[in-house]
Amino acid sequence: MTPIPRRAGCALWLVDLDEPAGAQALATLSADERARAGRFIFDRDRERFMAARSALRQVLASHLGMQPAQLVFTVGTYGKPVLAQLPGCRFNLSHSGRYGLIALSPQDEVGVDIEILRDMPDALAMAEAHFDAQDAAALAALPPGQRSIAFLAAWTRGEACLKALGTGFSGPGLPATGIDLAPRKVQMAVPGTTACTARLESFELPEAGAVASLALLDAQARAAAPLHGPRSMMSMAVQA
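Just so you know, these numbers come straight off a predicted model, no measurement behind them.

### Some words on the overall build of the protein
- The helix and strand tally for the protein stands at seven helices and eleven strands.
- By the burial criterion, 48% of the 240 residues in the protein qualify as buried.
- Partitioning the contacts of the protein with sequence separation of at least 6, the portion at a separation of at least 24 is 59%.
- Accessible area of the protein: about 11300 Å², with a carbon and sulfur share of 54%.

What follows is the structure in structure tokens.
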């Protein structure tokens with residue numbers, strides 16, 4: 001597990017999920033985590049899941065001055081993990097292939113997403129199916145050689161926003177976030193609640209051959225605007 005430079009005030013760790021976690025680290029997992037691991041069909045996927053969860057426990061326990069096995073996770077309205085003992089501790093975990101990324105935020109709700117860079121021959125079709133129309137058009141306008149990284153950048157940005165909100169990718173499409181790595185602000189409004197803003201940071205991780213995005217949602221705005229409907233009810237707009 002390797003600390004990487006902070007982004008937007010968040011502490012970040014890159015985790016090689018193919019490095020043996022060790023029996024002592026795996027022993028900190030809860031019965032629920034072990035049960036979830038047991039549902040994976042392939043050994044590699046099961047081992048990577050356990051490595052990611054044990055790494056998350058180590059990071060949070062070190063930050064909170066607790067033992068990893070003492071941490072008890074519960075879930076929010078939409079299934080986002082929350083610490084039962086300290087629900088105000090804001091964190092998020094993402095993984096792609098052999099790498100995981102952990103983010104710990106000092107005050108804001110956080111979402112993080114990582115994707116291993118790879119050729120995406122179906123990028124245009126996937127963008128048409130899942131992206132906002134503006135982002136899909138911007139992707140189509142790029143030379144073919146630039147589309148794969150732009151697609152993965154936009155994908156991680158959208159996922160990070162939804163993970164900060166706590167909804168996850170459960171609706172018809174991702175929010176409009178832009179297809180490059182430039183910082184953005186995304187205004188999100190849920191009918192009947194207070195609008196809130198996600199601050200986006202995107203960056204490459206050369207050591208992992210990956211691209212990642214981080215979204216921070218103002219904690220007070222999030223508390224004032226609980227989500228009571230499906231993600232498709234949200235309206236979102238990109239600001240420079």
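Now that the structure has been shown, we can carry on.
### Brief notes about unusual backbone geometry
- Even without being glycine, alanine 8 reaches a positive phi, approximately 50 degrees.
- Along the chain, the position of alanine 8 falls in the loop between β1 (2–7) and β2 (10–16).
- On the basis of relative accessibility, which here comes to 38%, the residue alanine 8 falls in the partly exposed class.

### Details of the nonpolar core
- Formed by 19 residues in total, the largest nonpolar core has its most connected members in Leu56, Leu60, Phe73, Leu83, Phe91, Ile102 and Leu104.
- Of all the secondary-structure elements, those providing two or more residues to this core are β2, α3 (43–64), β5 (90–96) and β6 (99–105).
- Sorting elements by how many residues they give to this core places α3 first, with seven residues.
- Beyond its immediate stretch of four places on either side in the chain, isoleucine 102 contacts Met1, Ala11, Leu12, Trp13, Val15, Ala55, Leu56, Val59, Asn92 and Leu93.
- Counting residues in hydrophobic clusters, the runner-up holds 17 residues, among them Leu12, Leu205, Ala210 and Leu214.

### Observations regarding the environment of glycine 111
- One can find glycine 111 in strand β7 (residues 109–116).
- Relative accessible area serves as the criterion here: at 0%, glycine 111 is assigned to the buried category.
- For the pair formed by glycine 111 and serine 213, sequence separation is 102 residues and the distance between their alpha carbons is 8.3 Å.
- Those residues in contact with glycine 111, other than ones at most four positions away along the chain, are Asn92, Ala160, Lys163, Ala164, Ser213, Leu214 and Ala215.

### Some points on the confidence of the model for the protein
- Per-residue confidence for the protein averages 86 on the pLDDT scale, and 85% of its residues sit at or above 70.
- Per-residue pLDDT stays below 50 along residues 221–240; that stretch engages in 55 contacts with residues further than four places along the chain or on separate chains.

### Digging into the packing of helix α4 (residues 123–130) against helix α6 (residues 144–165)
- Where α4 meets α6, the closest approach of the two axes is 10 Å, and the angle between their N-to-C directions is 25 degrees. Judged by the angle between their axes, α4 and α6 are roughly parallel. As for the relative orientation of α4 and α6, their crossing is left-handed in sense. Residues Ala123, Leu124, Met126, Ala127 and His130 of α4 lie in contact with α6, whose contacting residues are Arg147, Phe151 and Trp155.

### A word on the pattern of salt bridges
- Within this structure, the stated rule accounts for eleven salt bridges.
- Residue aspartate 16 is joined to arginine 98 by a salt bridge in which the shortest nitrogen-to-oxygen separation is 2.7 Å. Placement of the pair is aspartate 16 in strand β2 and arginine 98 in the loop between β5 and β6, with a sequence separation of 82 residues.
- A residue is classified by how much of its surface remains accessible, and arginine 98, at 35% relative accessible area, is partly exposed.
- With its nearest N and O atoms 3.8 Å apart, the salt bridge here joins glutamate 109 to arginine 90. Of the two residues, glutamate 109 sits in strand β7 while arginine 90 sits in strand β5, which places them 19 residues apart along the sequence.
- The network of salt bridges with common partners includes Asp16, Asp18, Arg48 and Arg98.

### Re the packing of helix α2 (residues 31–38) against α3
- Here α2 crosses α3 at 155 degrees, and the two axes come no closer than 9 Å. In this view, α2 runs roughly antiparallel relative to α3, as classed from their interaxial angle. Every pair of crossing elements has a handedness; the one defined by α2 and α3 is right-handed. Where α2 approaches α3, its residues Glu33, Arg36, Ala37 and Gly38 are matched on the opposing element by Arg46, Phe49, Met50, Arg53 and Arg57.
- The residue makeup of the contact of α2 with α3, split by class, is three nonpolar, one polar and five charged.

### With respect to the sheet that holds β6
- Judged by pairing direction, the sheet is antiparallel, and its four strands sit side by side in the order β1-β2-β6-β5 without closing on themselves. Two strands bound the open sheet, and with one partner strand each, they are β1 and β5. Strand-to-strand twist in this sheet, taken as the mean axis angle between neighbours without regard to direction, amounts to 20 degrees.
- For β5 and β6, the ladder comprises seven bridges, and the chain directions are antiparallel. The partner of histidine 95 across the bridge, within β6, is glycine 100.

Conventions and cut-offs
Residues numbered from 1 in each chain as written. Predicted model: local features only at pLDDT ≥ 70, side-chain atom pairs only at ≥ 80, totals over all residues. Heavy atoms only, no water. Helix = DSSP H or I, 4+ residues; strand = E, 2+ residues; numbered from the N terminus. Buried < 20%, exposed > 50% of the residue type's maximum accessible area, 1.4 Å probe, protein only. Contact = heavy atoms within 4.5 Å. Areas by Shrake-Rupley, 256 points an atom, 1.4 Å probe, with all protein chains shown as cover. Core = buried A, V, L, I, M, F, W, Y, C linked by side-chain atoms within 4.5 Å. pLDDT = per-residue confidence, 0-100. Axes fitted to C-alpha atoms, helices over the stretch in contact; angles between N-to-C directions. Parallel < 35°, antiparallel > 145°, perpendicular 65-115°, else oblique. Left-handed = near helix turned anticlockwise from the far one by under 90°. Salt bridge = Lys/Arg side-chain N within 4 Å of Asp/Glu carboxyl O. Nonpolar A, V, L, I, M, F, W, Y, C, P; charged D, E, K, R; others polar. Pairing = 2+ DSSP bridges.

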